[in-house]
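Fold and contact review
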Amino acid sequence: MSKRVSIWQNRLYLYPRPEPLERTRLFWVALGLVTTAVVVFSAYFILLLTTGHSAFGTNAEDLGIMDQAIWNLAYHGELHQTICNIISDTNCYSPEGINRFAIHFEPILWPISWLYYLWADPRMLLIFQTVVVALGAYPAFLLARLRLRNELAAVAIALLYLLYPAQQQATIYDFHAVTLTTSLLLFTLYFMYTQRTAPMFVFALLSMACKEEIPFVIAMFCLWSMVFQRRWRSSAILLVIALVWFGITYYYVFPHFSPTGKPLLSGRYDGVSQGTTGYFLHKYLLDSKHRAYLDILLRPAIYLPVLAPWVLILAAPTLALNLLSSHEGQYSGLFQYSAEIVPVLIFATIEAVVLVLWLVQLGSHWLTKRQIQLASDTSEISRPLLKSSKPRLTGRLLQLGVMTGLLSLILFSTLRTDYYFHGALPFSVDFHWPQTSVRTQLLQKFVDMVPPGASISAQTRLVPHLSQRQKIYMFPYANEQADYVLLDLQGDVYPFGGSDVYSQSAKSVLLSGKYGIAKAEDGMLLLKKGGPAPGLSPLSPVQAGPGADLVHALPNLPASFCADTLVSAQEMQQIQHPLQATFSAGTGSLQLLGYDATLNSKYENAKTHQYDRTDVHATISTYWKVVQPIRVSQQIAFIMETSDGQEHLASTDVPLLNWCQSSTWKPGDVIKMQSNDFSLAPQNTTVLPKGLAHLSMALLPLAQPSSTIMDVQARLHVDMEKSQDGAEVNQNVRLLRLFALNLI
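This report concerns the structure included in the present document. Everything numeric here is computed off the predicted structure, so don't read it as measured data.

Some remarks on the packing of aromatic side chains
- In this structure the tally under the stated criterion is 35 aromatic pairs.
- Their ring planes at 15 degrees and their centres at 4.7 Å tell us that Phe187 and Phe203 sit as a pair that is stacked. On the criterion of sequence distance, the pair formed by Phe187 in helix H9 (residues 181-193) and Phe203 in helix H10 (residues 197-208) is long-range, its members being 16 residues apart. Considered together, Phe187 and Phe203 belong to a single accessibility category, that of buried residues.
- Seen from their ring centres, Phe475 and Phe496 are 6.0 Å apart, and the 45 degrees between their planes marks the pair as tilted. Placement of Phe475 in the loop between strand S4 (472-474) and strand S5 (484-488) and of Phe496 in the loop between S5 and helix H21 (499-510) is noted, with a sequence separation of 21 residues between them. Grouping residues by exposure puts Phe475 and Phe496 together as buried.
- Taken together, Tyr15, Tyr193, Trp224, Phe228 and Phe347 form an aromatic cluster joined through their ring pairs.

Here's what the structure looks like:
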């Protein structure tokens, strides 16, 4: 038995101390290339993220949360936070707030908080995170150099790390301590492989300090080192430290700091133990979203990590956490949730390339021996040729060619994923560099009006600009207790699922009688507790009362609130698609003067109007003029007419139309109404039929019940007077066809 164990130990001893490589001139050239890539990566993403913050592109979850907690730690001595998601998560407990350790155990935030003595600004966190992540290119380079024995191949692996989609998704999504592990765990792996115990312990401890599940990852590293490196002593010590760290976290830290005695996000796993084994496998492993998550992790490396399962298994703890969670963001491939998986994927990719090269070497040797055997039966003249070094040279060239081809394919696949999967690079689909504008200046003006010591409930994109205070909430949380409520009715409505439920909540606060309007301008509202309540407008199609649906209620707002919907003569000249179409009801009529359209798709050819039917989105701005007032406020319905003759409701989400209602428009004014981004696929459906389709629109009463929103008789009559871009009227169903699309 002991002999068998000894045999298997020898077979598994795959990673002895590596033989050092001489630092030739090529090494320094390669290191210079990696350093250049690190500097370019850092400069690009620092500029992108800090500009995005200035353009109000960061979020309450989680830059606002982290900024408030770290600011409180630096200046009040406690990791206190009050920001949470009351709509769709389990991290809210009390408006008084909680300690950060009730959600995540991240002691690394203590030294990070010292940065706020230099510059107390959330952009400091974005800069620090970007630099730390970028430094991970060095251990990727050094590890690949030792394993592949080739400096230029190691540069390619460093580039793979910097370009890897899961890493970039974590880097661009606000600030999270766990994102730092993309770099810290790679340093841990490098020092573990090179058997340098002291720095391995340092980086392992730093990694564990980033989030509560990282000790499990480090424990996997230790077991791996025991099996494949025979490093029993150092690995056993680190394993004990990791397990003790985990035990203290879950049996002391969380029970002490959490008001429920357990992590507030643990509710995401309540459903794991329910159902049969088949149900479990189908829900958590075999359904399309979970398979798509695994695909987005592995596809950039052309699935090579699968060839190194003895390395890929190191990611098992994090993969289990993400796949078993009820929170879809964890297995979306977006956000920070896959940060600690990236180092394992990089290492597994390196090992897979090593494996392929070894197989090529074996194949080359076999072919050489086969040639010798065949040639042994021939004349003596060929024997000197067999003793030459040509077969060995051919084998090396073959290995070099295979390695070059593999690394080229990997980098191409990674760039391709960066292109189509929510990438943040200049060539990525739907990528737009953040821009500051007159609108962002107005937002900052409203932010500056809030007193520093006041409590406030604000929308997600506004929170990171107000988060350095004791009490701040993400709307709608604490919208009855906060001193102020700050709303941007044209902004991101997260955590609400859509504009209607957001409008319902905002109007309930406005009409509660507890808040007055401190300032209203261009779709922005600053409400102050105790001020005179605005009440309902006489033109409101809905009256307030117990159980009333306030989505379409019209509060009595100052004229300045809707001022930015008025279109100037100069803006009229810039309409992309001018036309004249009249929508009429009784003696009243509204004239559509044109529209602007922005379409986005995974695949699009604007010249031939071809778009990917599985993923096509639009934002439509329409320009209106009142010919004769229509007393009943109207809503815009965007409808897809598809090749099978069916109508599909795409969207009615034009947010300001609920607040600046058509019944308030004055004759002669030109009004602009912009939709939110919406999918052209029918609601609750993912795929439209192939072929020619039309995006059409209709007007119908604002208060039309959702059950009859597709009723043709409810739509206003429409007539076309003039069009330059092929818009036409479908009189049979009272629709104005804006443009045609060829869905493929």
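Focus on the pairing of strand S20 (residues 735-743)
- Taking burial as the measure, the nine residues of S20 include seven buried ones, the bulk of the element.
- Relative to S20, strand S11 (residues 610-611) runs parallel, the two being bridged by two bridges. Its bridge partner lying in S20, Tyr611 is registered against Leu743.
- Pairing of strand S17 (residues 691-701) with S20 involves seven bridges; the strand directions are antiparallel. Residue pairing for S20: Ala693 is matched across the bridge by Leu741.
- Bridge count between strand S19 (residues 728-730) and S20: three bridges; the pairing is antiparallel. Bridge assignment links Glu728 to a residue of S20, and that residue is Arg737.

Thoughts on helix H3 (residues 60-76)
- The terminal C-alpha atoms of H3, which comprises 17 residues, lie only 21 Å apart, well short of the 24 Å expected from a rise of 1.5 Å per residue.
- Following H3 by one or two positions, Gly77 has its phi on the positive side, about 75 degrees.

Examining the side chain of His465
- Relative to the helices and strands, His465 resides in the loop between strand S3 (456-458) and S4.
- When its relative accessible area of 18% is taken as the criterion, His465 is described as buried.
- In this view, His465 contacts His53, Phe56, Thr58, Gln444 and Val447; residues no more than four positions away in its chain are not counted.

Remarks on the pattern of salt bridges
- Tallied over the entire structure, the rule returns 18 salt bridges.
- Measuring nitrogen to oxygen at the nearest pair gives 2.9 Å for the salt bridge that ties Asp121 to Arg123.
- Across the pair Lys514 and Glu480 runs a salt bridge, and its minimum N-O distance is 3.5 Å. Placement of the pair is Lys514 in the loop between H21 and strand S6 (515-521) and Glu480 in the loop between S4 and S5, with a sequence separation of 34 residues.
- Overall, the relative accessible area of 37% leaves Lys514 in the partly exposed class.

Some points on the sheet that holds strand S7 (residues 524-529)
- One open sheet accounts for five strands, arranged S4-S3-S5-S7-S6; its pairing is mixed. Each end of this open sheet is capped by a strand with a single partner; those strands are S4 and S6. Here the average twist between neighbouring strands, direction ignored, is 20 degrees.
- Strand direction decides the pairing type here: S3 and S4, joined by three bridges, are parallel. Across the sheet, the residue bridging to Ile456 is Ile472, located in S4.

Here's the deal with the side chain of Ser428
- Mapped onto the secondary structure, Ser428 falls in the loop between helix H19 (390-420) and helix H20 (438-448).
- Among the residues examined, Ser428 registers a relative accessible area of 6% and is labelled buried.
- Discounting residues that sit within four places of it in the chain, Ser428 has contacts with Asp418, Tyr419 and Gly423.

A short note on the environment of Gln591
- Take Gln591: it is sitting in strand S9 (residues 588-601).
- Gln591 sits in the buried class, given a relative accessible area of 16%.
- As a C-alpha pair, Gln591 and Glu328 span 263 residues in sequence and 43 Å in three-dimensional space.
- The residues contacting Gln591, other than those within four sequence positions of it, are Gln580, Ala581, Thr582, Tyr623, Trp624, Lys625, Val627 and Glu721.

Examining unusual backbone geometry
- Each neighbour pair has its own omega, and for Phe475 with Pro476 the value is 20 degrees, a cis peptide bond.
- Put simply, Tyr494 and Pro495 share a cis peptide bond, and its omega is 10 degrees.
- As for its placement among the helices and strands, Pro495 is situated in the loop between S5 and H21.
- Of note in this structure, Phe335 is not a glycine but carries a positive phi near 65 degrees.
- Looking at the secondary structure, you find Phe335 in the loop between helix H16 (316-324) and helix H17 (342-375).
- You can call Phe335 partly exposed: its relative accessible area is 27%.

The rules behind each value
Residues numbered from 1 in each chain as written. Predicted model: local features only at pLDDT ≥ 70, side-chain atom pairs only at ≥ 80, totals over all residues. Heavy atoms only, no water. Phe/Tyr/Trp six-rings, centres within 6.5 Å; stacked < 30°, edge-to-face > 60°. Helix = DSSP H or I, 4+ residues; strand = E, 2+ residues; numbered from the N terminus. Buried < 20%, exposed > 50% of the residue type's maximum accessible area, 1.4 Å probe, protein only. Pairing = 2+ DSSP bridges. Expected span 1.5 Å × (residues − 1). Contact = heavy atoms within 4.5 Å. Salt bridge = Lys/Arg side-chain N within 4 Å of Asp/Glu carboxyl O. Axes fitted to C-alpha atoms, helices over the stretch in contact; angles between N-to-C directions.

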